[in-house]
Structure formats: structure tokens, C-alpha cells
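The lines below spell out each chain.
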Amino acid sequence: FDMGGVLLAYEPWAFVQREIADPEDARKIFDACFGGPEWQALDAGAISEEEALASMKEKVEPELRGKLARLFETWPDCMSPISGMEELVRTLQEKGIRCLVLSNASVRFPALVERFSVLRRIDERFVSAFYKLVKPTRAIYERFLAEYSLKAEECVFFDDLQANVDGAAACGIQAHRFCGVEDAVRFLNSVGVSV
């Protein structure tokens, strides 16, 4: 399973709007924090959080930098459990099916594990920043399969982004774009995983 958009809802724009009353300021901070290359570089393990924040701050007026820094520090607040996913993972595990996470995420991922029980339920977690590889590059799927001694054709992968689904499928993984728990269950049943 991917994390953001599959196991956990990831809603950074709604989060920024909740925290920043002025719509123009909210847009500037969102674009600087979540919309720029720094966010992807964090997922790739290419820069430190300190480097990312310094670069983000340069993109907004001095009076917005404190707010940007506060939102950067508290961004896990933009995530929340997707209803039914922990139950689906539990059901699969009870049937003896191995569940893993494959996520583009920063080195702050362990804090999310502490916060969300669905992530604690899954012991095997492949996080992009720690391997300096990101979806949808072929290298991340190949490394993931090798890391956990998996056969691509025996795996089912859910991601909310079509590019990541396509990347996994190109490696022989049965991949499906996540559109909710009921759709995931239908897909699992269609590939012979009875849920």
C-alpha cells in the first residue's frame, strides 16, 4: 500500500487554509511549502529538512516566514486515517496475507508511524527518503521487491496516483489506482484475493 491517499488522507491545501486565514497568504505558503521542488527533494532524501525550510522561506515575504515554518513543522496534521483501511489491512493479515507500505515520504516518516495505528499495524515499510529512490522510477520498485524477497507477479499494489500505478505495473506488479476501500476490495477479489 501507498501511504498518502491510500492508508491516510493527505490534504495539505485544506490544512493550510485552516491555519492561515488570509486566502492570498495561504496560497503563497502552500505553494512555497508543498508546491515546490523541496517537497519532492525531501521525499527523495536529497536534502535535509533544514535545507528545505531555508529554501522555502526564500519564496515568501519575511512576514510570512514564521507561519510557513510553523506549518512545515506541523504538516503531519494534514493527514488522517482513511475510514476502513485499517480494517482492510487487519482482514488481509488475518488471512495470512503479507501487507507492506511503499511510500514516497521524508525521513519524518517514523513520526507518522507513532501517530497512526494503521502504519504501526504494518511492520514492513519502504520509505523513499531512506533509499534515495522515488516512485514512479523503476529502480524503487525493483529495490522494494529485492529488499523484501518478493515476486512482482505475486504482489498487489495500491496507489492514488496513476503514474505510480503505471510504474509498478511496468515492473510486473498487479497495480491498481486506489479509489476507496470498496473499490480496493473489488480489485482484490478480481485478482483472487478473497476479502
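Residues numbered from 1 in each chain as written. Predicted model: local features only at pLDDT ≥ 70, side-chain atom pairs only at ≥ 80, totals over all residues. Heavy atoms only, no water.

Restricting attention to buried positions, one finds in helix H5 (residues 65-73) the residues Leu68, Ala69, Leu71 and Phe72. One side of H5 holds all its buried residues, which, seen down the axis, span an arc of 165°. For H5, exposure combined with an orientation more than 90 degrees from the buried face picks out Gly66 and Glu73. For H5, the elements touching its buried residues are helix H1 (12-19), helix H2 (23-33), helix H3 (37-43) and helix H4 (49-57). (Buried < 20%, exposed > 50% of the residue type's maximum accessible area, 1.4 Å probe, protein only. Helix = DSSP H or I, 4+ residues; strand = E, 2+ residues; numbered from the N terminus. Arc of directions from axis to C-beta. Contact = heavy atoms within 4.5 Å.)

Turning our eyes to something else, we now look at the packing of aromatic side chains. Tallying each qualifying case throughout the model produces 11 aromatic pairs. Judged by centre distance (5.3 Å) and plane angle (80°), the ring pair of Trp39 and Trp75 falls under edge-to-face. Of the two residues, Trp39 sits in helix H3 while Trp75 sits in the loop between H5 and strand E2 (79-81), which places them 36 residues apart along the sequence. Of the two residues, Trp39 and Trp75, neither departs from the other in class, the shared state being buried. Relative to Phe187, the ring of Phe158 lies with its centre 5.9 Å away and its plane at 80°, an arrangement referred to as edge-to-face. Within this pair, whereas Phe158 is found in strand E5 (residues 156-159), its partner Phe187 is found in helix H12 (residues 181-190), the two being separated by 29 residues in sequence. Taking the relative accessible area as the measure of exposure, Phe187 reaches 15% and is therefore buried. One aromatic cluster is present, built from ring pairs that chain together Trp13, Phe30, Phe34, Trp39, Phe72 and Trp75. (Phe/Tyr/Trp six-rings, centres within 6.5 Å; stacked < 30°, edge-to-face > 60°.)

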